[in-house]
Amino acid sequence: MTSQPYADIAPILTQADDTDDEEKEGLQSGHEGEVEVEALTGISSVHAGFIVGVLFFINLLNYMDRFTVAGVLPDIETFFHIDDSKSGLLQTVFISSYMVLAPIFGYLGDRYNRKYLMCVGIFFWSLVTLASSYIPQEWFSLLLLTRGLVGVGEASYSTIAPTIIADLFVGERRSRMLSIFYFAIPVGSGLGYIVGSKVKDLTDDWHWALRVTPGLGVVALVLLLSVVREPPRGAVETHSDAPLQYTSWAADLRALSRNRSFVLSSLGFTAVAFVTGSLALWAPAFLYRSRLANGSLQPCPPGKVCTGDSDSLIFGIITCVTGVLGVTLGVEISRRWQRTNPRADPLVCATGLLGSAPFLFLAVVCAQSSIIATYVFIFIGETLLSLNWAIVADMLLYVVIPTRRSTAEALQILMSHLLGDAGSPYLIGLISDRIQRDRPLSYLSQFHSLEYALMVCAFVGVVGGGFFLATACFIQADRKRTELFAQGQLQESSDREDRIVVPQRGRSTKVPVSSVLI
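Note that the structure is predicted; figures quoted are calculated from it, not measured.

Peer 1: In this structure, what is going on with the overall build of the protein chain? I would like to understand it.
Peer 2: Of regular secondary structure, the protein chain possesses 22 helices and 2 strands. The proportion of buried residues among the 518 residues of the protein chain is 53%. Accessible surface, the protein chain: about 22500 Å² in total, of which carbon and sulfur atoms supply 65%.

Structural data, given as structure tokens:
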């Protein structure tokens, strides 16, 4: 028999088949399913909910810490006597450390106790962040070093926490718990701006803004030690608490590189990171320049720092609201659509990215004529963009086998930051400077140069939507293959990952997975 790869040739907008219906009747729904999950993990549903709450709280602190520095950045520039290029290095150093170290913690998270790895990371992160608030003004290089070390602690958490949620829940409950976990991204980001600036105002010292998250980090460490329990990897999917079989890191990387749904969805998520990273840095400055260009705002007097506080505050509020709204809508739409279309997840992500592109483009184009219209378009665009957060994480968890999930999380973090928000703010600034170079210096030319540069985000969004549409072509087959691996019904071979070995007339013969499924 000639072996053919396991291919899913059903149309993208297909009706869910009987196999999917049968799966939903098992562990994924109902009180009996919850009881079976509790029996497999040894953790009650109530306790599992508390664990998700603790993980959410720690994720919230992660994003608060990232943006606390941004909230007091003008004060840091004044204290250390640095220019914009050096202050921008604070975020670059952190992101670079974070994305480079993520694969290391992904490897460790797949093989060692995840709870203790997170404890060590959070303790280290809190200690380094606290130490950074005591650096004297002549040692700016030491501040850069501490921001890089903060990335060590955060990498140890972001790559591991979602895999614990995956081992506590299945089906719709997993999706909902992931949505709760990822609410921390917009809420924590907004709180970072708010807490940083408000604590500085109350104490009249920006150093105290960097001491808030370390104090809360001690609380998080206590909660992690007392509440969180390490669930057995993959037990809820294999329906057994038997130990899983591990492969080498090189084999894991090869398998993930051949996982089409993982690669394509990671590229789509990279586009999301590119756009959100650009907006996070440049949107307040762009709105400020638009007011200067249309004459509704007077320029700053010489010697004073103008940061566009009102625009930053409004944009921060929009980011928080649209993040929560988008994550909630994305999970709920996907859950309902999944009943009739097994490819709902990547299609919702594609719809979000493709739909956000025209609204973000209109927000840029309309900024000079109507700032209110710009805010409306930003609100709609960011809401559509936020549909992706929890869904992308859920897709990764069900197309990657349990023993590779932390590694997969780490690789996705590396890819999305390396090609996304680590370089996109610099790229937008570089394009703006290049356009400005050929024009006479004025408030209008500065506005238009940044306006044209930000239009790149809309085009990147369209490309990212295309990657998610491509993911929809493979998601059903890759999900089924992962389920068969987890249940021990499919074994990897040295040459092709998508083969299984079954007896035929007393001899071992390789046949396509699809023939067995039929």
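Peer 1: What exactly am I supposed to notice about helix α6 (residues 114-132) here?
Peer 2: Residues lying three or four places apart along an α-helix face the same way, a consequence of the helix completing one turn every 3.6 residues. Under the 1.5 Å per step criterion, the end-to-end length of α6 is 27 Å for 19 residues, consistent within 8% with the ideal 27 Å. R114, K115, L117, M118, C119, G121, I122, W125, S126, V128, T129 and S132 are the residues of α6 that are buried. For α6, the side-chain oxygen to backbone nitrogen distance between the N-cap and K115 is 3.1 Å, and the N-cap itself is N113.

Peer 1: Please clarify how the side chain of E451 should be interpreted in this entry.
Peer 2: Counting through the fold element by element, E451 comes out in helix α21 (residues 443-486). Within the local environment of E451, its side chain forms a polar contact with the side chain of H448, the two groups lying 2.7 Å apart. The residues contacting E451, other than those within four sequence positions of it, are F286, V364 and V365.

Peer 1: Is there a simple way to explain a nonpolar patch on the surface in this structure?
Peer 2: Together, F361, L362, V365 and F459 make up a nonpolar patch on the protein surface, roughly 340 Å² of accessible area in all. Considering each element in turn, the nonpolar patch owes the most residues, 3 residues, to helix α16 (residues 344-365). Looking at the element boundaries, F361 is found in helix α16.

Peer 1: Any chance you could explain the packing of α6 against helix α7 (residues 140-158) here in plain terms?
Peer 2: Working note: a packed helix pair is described by the angle between its axes plus the distance between those axes. The N-to-C vectors of α6 and α7 enclose an angle of 160°; their axes lie 8 Å apart at closest approach. Classified by the interaxial angle, the pair formed by α6 and α7 is roughly antiparallel. In the packing of α6 onto α7, the handedness of the crossing is left-handed. Along the contact surface, α6 presents L117, M118, G121, I122, F124, W125, V128, T129 and S132, while α7 presents L143, T146, L149, V150, V152, G153, E154, S156 and Y157. Split into classes, the residues belonging to the contact of α6 with α7 amount to 11 nonpolar, 6 polar and 1 charged.

Peer 1: Would you take a moment to explain the pattern of salt bridges for this structure?
Peer 2: Think of it this way: side chains of opposite charge can pair up when their charged atoms draw near. Inspection of the entire model under this criterion finds 12 salt bridges. Residue E332 pairs with R336 through a salt bridge whose shortest N-O separation is 3.0 Å. With E332 and R336 both in helix α15 (residues 309-337) and 4 residues apart, the pair spans about one turn of that helix. Salt bridges sharing partners connect three or more residues here, namely R114, D167, E230 and R405.

About the thresholds
Residues numbered from 1 in each chain as written. Predicted model: local features only at pLDDT ≥ 70, side-chain atom pairs only at ≥ 80, totals over all residues. Heavy atoms only, no water. Helix = DSSP H or I, 4+ residues; strand = E, 2+ residues; numbered from the N terminus. Buried < 20%, exposed > 50% of the residue type's maximum accessible area, 1.4 Å probe, protein only. Areas by Shrake-Rupley, 256 points an atom, 1.4 Å probe, with all protein chains shown as cover. Expected span 1.5 Å × (residues − 1). Polar contact = N/O pair within 3.5 Å; in protein donor to acceptor, adjacent residues only side chain to side chain. Contact = heavy atoms within 4.5 Å. Patch = residues over 30% accessible without salt bridge, like charges linked within 9 Å, V, L, I, M, F, W, Y side chains within 5 Å. Salt bridge = Lys/Arg side-chain N within 4 Å of Asp/Glu carboxyl O. Axes fitted to C-alpha atoms, helices over the stretch in contact; angles between N-to-C directions. Parallel < 35°, antiparallel > 145°, perpendicular 65-115°, else oblique. Left-handed = near helix turned anticlockwise from the far one by under 90°. Nonpolar A, V, L, I, M, F, W, Y, C, P; charged D, E, K, R; others polar.

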